[in-house]
Amino acid sequence: MKPQISPKTYRVKSFGCQMNVYDGERMGELLSEQGLSKAPDGEDADLVVLNTCHIREKAAEKIYSDIGRLTKGKTQQKAPMIAVAGCVAQAEGEEIMNRAPAVSMVVGPQAYHRLPEMLDKAVKGERATDTDMPAIAKFDSLPERKRRSPTAFLTVQEGCDKFCTYCVVPYTRGAEISRPFSDLLGEAHKLIETGAREITLLGQNVNAWSGEDEAGRAVGLAGLIRALARFDGLERIRYTTSHPNDMDDALIAAHGEIDKLMPYLHLPVQSGNDRVLKAMNRSHTAEGYLRLLERFREVRPDIALSGDFIVGFPGETETEFEDTLKLVDEVRYAQAYSFKYSPRPGTPAATMDNQIAKEVMDDRLQRLQARIDRDQFAFNKSKAGETCSVLVERKGKHPGQWLGKSPWLQSVWIEGDVRIGDMVEVDLVEAGPNSLRGELLGSR
Ligand code: SAH
Ligand code: SF4
Ligand code: F3S
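The rules behind each value
The residue count restarts for each chain, going from 1 along the sequence in the order it is written. Whichever chain is written first is A, and whichever ligand is written first is 1; the rest continue in order. pLDDT decides what is reported in this predicted model: residues at 70 or higher carry local features, side-chain atom pairs at 80 or more are listed and counted, and totals for whole chains, interfaces and linings draw on all residues regardless. Excluding hydrogens and water, the side-chain values take into account all heavy atoms of the structure. UniProt positions are given in the numbering used here, feature names are shortened, and annotations may be inferred rather than shown by experiment. Where helices and strands are cited, they refer to DSSP runs of H or I of at least four residues and of E of at least two residues respectively, numbered from the N terminus. The globule rule used for comparison is 2.2 Å times the number of residues to the exponent 0.38, while the radius of gyration itself is calculated over C-alpha atoms. Only protein chains enter the area calculation, which uses a 1.4 Å probe; residues under 20% of their type maximum are buried, those over 50% are exposed, and those in between are partly exposed. Here a residue-residue contact requires only that any non-hydrogen atoms of the pair lie within 4.5 Å. Computed with a 1.4 Å probe, the accessible areas rest on the Shrake-Rupley method; for each residue, only the protein chains presented here act as cover. Note that His is not counted, nor are the chain ends; the positive residues are Lys and Arg, and the negative ones are Asp and Glu. Note on charges: their place is set at NZ of Lys, CZ of Arg, CG of Asp or CD of Glu. Only heavy atoms are used to decide nearness, and a residue is near a molecule or strand if one of them lies within 4 Å of it. Throughout this entry, Asp, Glu, Lys and Arg are counted as charged residues, while Ala, Val, Leu, Ile, Met, Phe, Trp, Tyr, Cys and Pro are counted as nonpolar. The remaining residues, Gly among them, count as polar. Each residue after the first adds 1.5 Å to the expected span of a helix. In this context, the arc is that of the directions from the helix axis out to the C-beta atoms. The definition of a polar contact used here is a pair of N or O atoms within 3.5 Å, where within protein one atom must be able to donate a hydrogen and the other to accept one, and adjacent residues in sequence count solely through side-chain atom pairs. A pair of strands is treated as paired once DSSP finds two or more bridges between them. Fitted lines through C-alpha atoms serve as axes, helices being fitted only where they are in contact, and the angles separating the N-to-C directions of these axes extend from 0 to 180 degrees. Patches here: salt-bridge-free residues with over 30% relative accessible area, like charges joined within 9 Å, nonpolar side chains (Val, Leu, Ile, Met, Phe, Trp, Tyr) joined within 5 Å. We define a salt bridge as a contact between a side-chain nitrogen of Lys or Arg and a carboxyl oxygen of Asp or Glu at a distance within 4 Å. Looking down the strands as they point away from the viewer, one classifies a crossover as right-handed if the path from the first strand across the helix to the second runs clockwise.

Under an unreviewed UniProt entry, the protein chain has the name tRNA-2-methylthio-N(6)-dimethylallyladenosine synthase and belongs to Erythrobacter ani. According to the UniProt record, the Subcellular location (unreviewed entry) comment for the protein chain is "Cytoplasm".

Written as structure tokens, this is what we have:
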């Protein structure tokens, strides 16, 4: 590769989960620290970071088409410098380097703090790959948080030791690690100083977080949430994604005791059938999952429940799939995500017998989504007529219209004289399938 002109502007394109969004922001901050500036919307950037996701098919293929689009008809001097980051970089770094000569850097999710050194090499014309997984080193090498937004993500835990048989995350993100308590309070403090009123704690298994508080006592996620709740200026705390097996009494109790902890729980179950759950290596039963949700509802009756589902896992029969529908009927989710099973290279399920035909998966997904949509609409309607707080996050499509979130993570539209970052009291006057309309009562 020829030496390249040092890039002045950058763009980070993040795909996948919220942790990737968080990583994307941190890479942006790191590049800003190197003197690059974010390319204005709609303008070409000198450096493009594709922050990829590997969770389901097509994600990897998508990178090659993105690279093609970025370089099409351009000489090397005119084309942007390209870095591939995220979970596809981790899983297929070498292949990307071989298949896409236009890529200068490949950097894994645990190694992106070394982007500046890689950039120096790239400018000299040397291609660089870094997919090391040095536990938690990256957080110590990242610049201070500078973003300005009323809502912020904060990664507290990374990696996964669960090895569900369908999933790539343990391979792309490595083993479970928790960031230290004091580092997290420090980062939260910075985020609040720069305008965050809501913080969402992130982890591939966020409730597996553990640490030691200032007094050296062992604390779990509930203890961290309690400490954050004492911060003035921070008004809402959320966390995602939890695993049923890491749930503890303290976190359940926290939902009944900490006002700032929002009444929302995303707890993936994947299937309502115990044989399928076992084949998935989920290590919980459908019944155990339902009992757990009951306990949350006891301490916080209005809690909005959310989950993830996979349809068409290898060997899933029609009757087994119907158990998933039954579970959905029983839970009545406020919102949930459902996916067709996608065989991931290197995972045990990919080579299991009885892979399910696409048409069967399509049909099951459609039936499952119809129930979830029905319950989501019912949940939204159950809130119409109530008053709640809404944190204003952005402008709506029409002039004078604003969009924010209810405590239950529903999108709420309002009209009126408000600003981004205002916490307003609204009457929820009308419910739609995906959002509610609110009328302003006052702001604080
Ligand atoms: N750690 C979280 C989220 C992991 S990925 C958890 O365990 O819940 C987010 C979701 O993607 C999963 O919950 C699962 O529903 C889905 N998913 C993961 N691997 C998949 C695959 N191979 N095919 C289809 N969906 C998958
Ligand atoms: Fe993947 Fe299972 Fe880990 Fe979630 S718990 S990240 S689904 S292996
Ligand atoms: Fe995707 Fe990696 Fe997140 S595979 S879902 S970006 S952990």
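Now that the structure is up, let's keep going.
(A) Broad picture of the overall build of the protein chain. Across its full length, the protein chain carries 13 helices and 21 strands. The C-alpha atoms of the protein chain give 23 Å as radius of gyration, which agrees with the globular expectation for 444 residues (22 Å, within 12%). Its C-alpha atoms give the protein chain principal-axis dimensions of about 65 × 55 × 50 Å. The buried share of the protein chain, reckoned over its 444 residues, is 53%. Residue pairs at least 24 apart in sequence account for 71% of intrachain contacts in the protein chain once pairs closer than 6 positions are excluded. Total accessible area on the protein chain is roughly 19600 Å²; 50% of this is exposed by carbon and sulfur atoms. The distance from the centre of the 59 positive side-chain charges to the centre of the 66 negative ones in the protein chain is 4 Å.

(B) A look at the UniProt feature "domain: Radical SAM core" (unreviewed entry) in the protein chain. Feature annotation in UniProt assigns "domain: Radical SAM core" (unreviewed entry) to the following positions: residues 146-378. End C-alpha to end C-alpha, residues 146-378 measures 40 Å, and it is 39% helix and 18% strand.

(C) Spotlight on the site of ligand 3. Taken together, C17, N20, C53, H54, I55, C87, R173 and Q204 form the complete shell of residues around ligand 3. Across the shell around ligand 3, the residue classes break down as four nonpolar, three polar and one charged.

(D) Representation of helix α2 (residues 59-71). In this model, α2 (13 residues) spans 19 Å end to end at C-alpha, consistent with the 18 Å of a helix rising 1.5 Å per residue. What α2 keeps buried is the set A59, A60, I63, Y64, D66 and I67. When α2 is viewed along its axis, its buried side chains cluster within an angular range of 160° and face the same direction. Residues of α2 that are buried in the fold lie against β1 (9-14), β3 (47-52), β4 (81-85), α3 (86-99) and β5 (103-107). Just past α2, the residue G73 takes up positive phi, approximately 65°.

(E) Quick peek at the site of ligand 1. Taken together, 15 residues surround ligand 1, and among them Q204, P268, Q270, D308 and S342 come closest. Q270 has a polar side-chain atom sitting 2.7 Å from an oxygen atom of ligand 1. Starting from 540 Å² of accessible surface for ligand 1 in isolation, the protein chains cover 90%. Only β15 (304-311) and β16 (335-340) provide two or more residues apiece to the shell around ligand 1. Residues that form the shell around ligand 1 fall into these classes: six nonpolar, four polar and five charged.

(F) Structural context of the sheet that holds strand β14 (residues 264-266). Pairing is parallel in the open sheet, where three strands are placed in the order β14-β15-β16. Only two strands of the sheet have a single partner each, and these edge strands are β14 and β16. Neighbour-to-neighbour, the strand axes of this sheet turn through a mean angle of 10°, independent of strand direction. Relative to β15, β14 runs parallel, the two being bridged by three bridges. Across the sheet, residue L265 finds its bridge partner in β15, namely L305. In the packing of helix α13 (residues 358-383) onto the sheet, contacts are made with β15 and β16, and the angle to β16 comes to roughly 175°.

(G) The sheet that holds strand β10 (residues 198-202), seen in detail. Spatial ordering of the open sheet is given by β7-β10-β13, a layout of three strands whose pairing is parallel. Where the open sheet ends on each side, the last strands, each with one partner, are β7 (151-155) and β13 (236-240). Shown here is a sheet whose adjacent strand axes are inclined to one another by a mean of 25°, direction ignored. The pairing of β7 with β10 spans five bridges and is classified as parallel. When the bridges of β10 are listed, T151 appears paired with E198.

(H) Local environment of a negative patch on the surface. On the surface, D274, E287, E294, E298 and E330 cluster together into a negatively charged patch. Counting residues per element, the negative patch draws most heavily on helix α11 (residues 286-299), which supplies three residues. Relative to the helices and strands, E330 resides in helix α12 (residues 318-331).

(I) Layout of helix α8 (residues 221-229). With seven of its nine residues buried, α8 lies for the most part within the structure. Where α8 is concerned, the buried positions are L221, A222, L224, I225, A227, L228 and A229. The elements touched by buried residues of α8 are α7 (181-193), β10, β12 (218-220), β13 and α9 (249-257).

(J) Looking closely at the pattern of salt bridges. In this structure the tally under the stated criterion is 44 salt bridges. Here K13 ties to D66 by a salt bridge, and the two come within 3.6 Å at their closest N and O atoms. Residue K13 is found in strand β1, and its partner D66 is found in helix α2; the two are separated by 53 residues along the sequence. With relative accessibility at 32%, the residue K13 sits in the partly exposed group. The residue E320 makes a salt bridge to R275 at a minimum N-O spacing of 2.6 Å.

(K) Expanded view of the pairing of β1. In the sheet, β1 pairs with strand β2 (residues 37-38) via two bridges, with the strands oriented parallel. For T9, the partnering residue across the bridge sits in β2 and is S37. Each parallel crossover has a hand, and for β1 linked through helix α1 (residues 18-33) to β2 it is right-handed. Pairing analysis gives five bridges linking β1 to β3, with the strands arranged parallel. From the neighbouring strand, K13 faces β3, where its bridge partner is L50.

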